[in-house]
Amino acid sequence: MFKALVSAFRTPDLRRKLLITILIMVIYRFGTYVPAPYVSYKNVEACLSQQGTADLLAMMNIFAGGGLLKLSVFALGIMPYITSSIIVQLMRVVIPRFEELHKEGQTGQNKLTEYTRYLTVFLAIVQSSVFASVAASGQLFVGCQLPVVPGSTPFRLLIIILAMTAGTTLVMWLAEVITERGIGNGMSLLIFTGIAANFPALLGQVYQGNGGVTWMVLVLAMFLAITAVVVYVESCQRRIPVQYAKRVIGRRTYGGTSTYIPIKINMANVIPVIFASSILSLPQMIAQFGNPNSTWVAWVHNNFTYQSFWYIFTYVVLIIFFSFFYTSITFNPEEISDNMKRYGGFIPGIRAGAPTADYLRYVVRRINWVGAIYLAIVALIPQIVFARMGVQGAAFGGTSIIILVGVGLQTVKDINAQLQQRHYEGFLR
């Protein structure tokens, strides 16, 4: 591994990509510590030390790189951009124009990217308005009496909203720079940076708690065990064999080769977990603006906590539903079947055309059940076990582990691909 790392930095163009990626990750971390205008950083730190935040905000703060509760210019992080990208993908099913753009190649992709950027700015304005209003009303930190935005006025709230929206736009641009000129996917790497940066601090909180070294060792052991399971499952594939018939064109013979279609066990990755978490966070977010003495507000607080039965049950159902829903959008059996038929390919024992599409749909449906149940278990088990142990922190949740491991594996694969192009040995042997 170290030999491959040295080889990567010895290659000029690969070294430049790695340095660009590292520099942008450092800039992103720096931006999470720059407070928005008119925000009292001293009061924010004092309120954070009281540990008076809700579970929902704590989880969103992890995904935002720790900048959300600090009300920094990068408070929203990369999440509006990720949400916009997912929504634009889902719109391909609802709006035929989006599907036409997807099939137009690079020109259509550029247009979809433009729509994604506009939607990101819109979501950033909405979310920053909500968080700025909650912070000004004193409900961001439960039990903290210090004003986060001293002397808040409509003008000051407007400036905070503009600063957060501009920060989100800058983060979106940084993610695109990584994707185009760096290594790996920019959105994934930035959310990876935010989660990984908060992990040592949360581990330190475990060490300083009542458990001390014993709890810290147990947390690390369970974290490594879950990581091993995630690595194993994310690397699993169902390989469907494909045979291409020989074709004679002129004096040359084409085809006659055997290959396979790799189908991952978890085709939807972490998207179902993010969707489920986002939907379940809406009742808690709406309850923030309700009267604390109201019956429905009390019901939401009692039934939409991480340990309640209805929250866990709804969480599992939503994960399974979105696993099938998202896979049905991203995996098109008819398109794969048509491409195979066009180039003379067929699955042994299956006729080309509609029977091939039906077979692929049948295989994917069965694999989806395994992937959906795996996602639900990985997302819930760490959350429940760590809560029973008294360990707080979303970085120890299954969602964070899946993101960390998935992004890490994909980035290593991208670096390996770059090294293999230059005849170097990769990180993974």
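Residues numbered from 1 in each chain as written. Predicted model: local features only at pLDDT ≥ 70, side-chain atom pairs only at ≥ 80, totals over all residues. Heavy atoms only, no water.

Per an unreviewed UniProt entry, the protein chain goes by the name Protein translocase subunit SecY and belongs to Arcanobacterium wilhelmae. Under Sequence similarities (unreviewed entry), UniProt gives the following word-for-word description of the protein chain: "Belongs to the SecY/SEC61-alpha family." Regarding the protein chain, the UniProt comment filed under Subunit (unreviewed entry) reads as follows: "Component of the Sec protein translocase complex. Heterotrimer consisting of SecY, SecE and SecG subunits. The heterotrimers can form oligomers, although 1 heterotrimer is thought to be able to translocate proteins. Interacts with the ribosome. Interacts with SecDF, and other proteins may be involved. Interacts with SecA." (UniProt positions renumbered as here; feature names shortened; annotations may be inferred.)

Colleague: Help me out: how do you make sense of the overall build of the protein chain in this one?
Modeller: Broken down by element type, the protein chain carries 16 helices and five strands. Every one of the 429 residues in the protein chain was classed for burial, and the buried ones make up 45%. Considering only contacts within the protein chain whose residues lie at least 6 apart along the sequence, 73% involve residues at least 24 apart. When the accessible area of the protein chain is evaluated, it comes to approximately 22200 Å², of which 63% is carbon and sulfur surface. (Helix = DSSP H or I, 4+ residues; strand = E, 2+ residues; numbered from the N terminus. Buried < 20%, exposed > 50% of the residue type's maximum accessible area, 1.4 Å probe, protein only. Contact = heavy atoms within 4.5 Å. Areas by Shrake-Rupley, 256 points an atom, 1.4 Å probe, with all protein chains shown as cover.)

Colleague: What is the right way to read the side chain of Glu-176 from this model?
Modeller: Among the secondary structure elements, Glu-176 is positioned in helix α8 (residues 154-181). Sequence-distant contacts of Glu-176, defined by excluding residues within four places in its chain, comprise Tyr-81, Thr-113 and Arg-117.

Colleague: How do you make sense of the packing of helix α6 (residues 96-103) against helix α7 (residues 106-137) when you look at a structure like this?
Modeller: Packed helix pairs are specified by the crossing angle of their axes together with the interaxial distance, meaning the distance between the axes. Two elements in contact, α6 and α7, have axes whose closest approach is 6 Å; the angle formed by their N-to-C orientations is 130°. Taken together, the axes of α6 and α7 are oblique relative to one another. On α7, the residues touching Phe-98, Leu-101 and His-102 of α6 are Gly-108, Gln-109, Lys-111, Leu-112 and Tyr-115. Grouping the amino acids of the contact of α6 with α7 by side-chain chemistry returns four nonpolar, three polar and one charged. (Axes fitted to C-alpha atoms, helices over the stretch in contact; angles between N-to-C directions. Parallel < 35°, antiparallel > 145°, perpendicular 65-115°, else oblique. Nonpolar A, V, L, I, M, F, W, Y, C, P; charged D, E, K, R; others polar.)

Colleague: Which parts of the structure should I look at to understand the sheet that holds strand β5 (residues 345-346)?
Modeller: Strands pair in a sheet through their backbones, by hydrogen bonds, and they do so in one of two ways: parallel or antiparallel. The three strands are arranged β4-β1-β5 in an open sheet whose pairing can be described as antiparallel. Of all strands in the sheet, those with a lone pairing partner are β4 (258-264) and β5, marking the two edges. Bridging between strand β1 (residues 237-244) and β4 involves seven bridges; their strand directions are antiparallel. Considered in β4, the bridge of Arg-239 is made with Pro-262. (Pairing = 2+ DSSP bridges.)

Colleague: Would you mind showing me how to read the pairing of β1 here?
Modeller: Across two bridges, the pairing between β1 and β5 is antiparallel. In the sheet register, Gln-243 faces β5, and the bridge partner there is Phe-346.

Colleague: Would you explain the environment of Ser-235 in this entry?
Modeller: Mapped onto the secondary structure, Ser-235 falls in helix α10 (residues 212-235). With a relative accessible area of 45%, Ser-235 lands in the partly exposed category. Along the sequence, Ser-235 and Ile-265 sit 30 residues apart, while their C-alpha atoms lie 8.3 Å from each other. A distance of 2.8 Å separates a polar atom in the side chain of Ser-235 from the backbone oxygen of Val-231. (Polar contact = N/O pair within 3.5 Å; in protein donor to acceptor, adjacent residues only side chain to side chain.)

Colleague: Is there a simple way to think about the packing of aromatic side chains in this case?
Modeller: Each pair of aromatic rings is reported with the distance of its centres and the angle of its planes. By the definition in use, this model includes five aromatic pairs. Pairing Phe-321 with Phe-322 gives two aromatic rings, centres 5.2 Å apart and planes at 65°, and the pair type is edge-to-face. The class for Phe-321 is partly exposed, based on a relative accessible area of 48%. What links up through ring pairs into an aromatic cluster is the set Phe-321, Phe-322 and Phe-325. (Phe/Tyr/Trp six-rings, centres within 6.5 Å; stacked < 30°, edge-to-face > 60°.)

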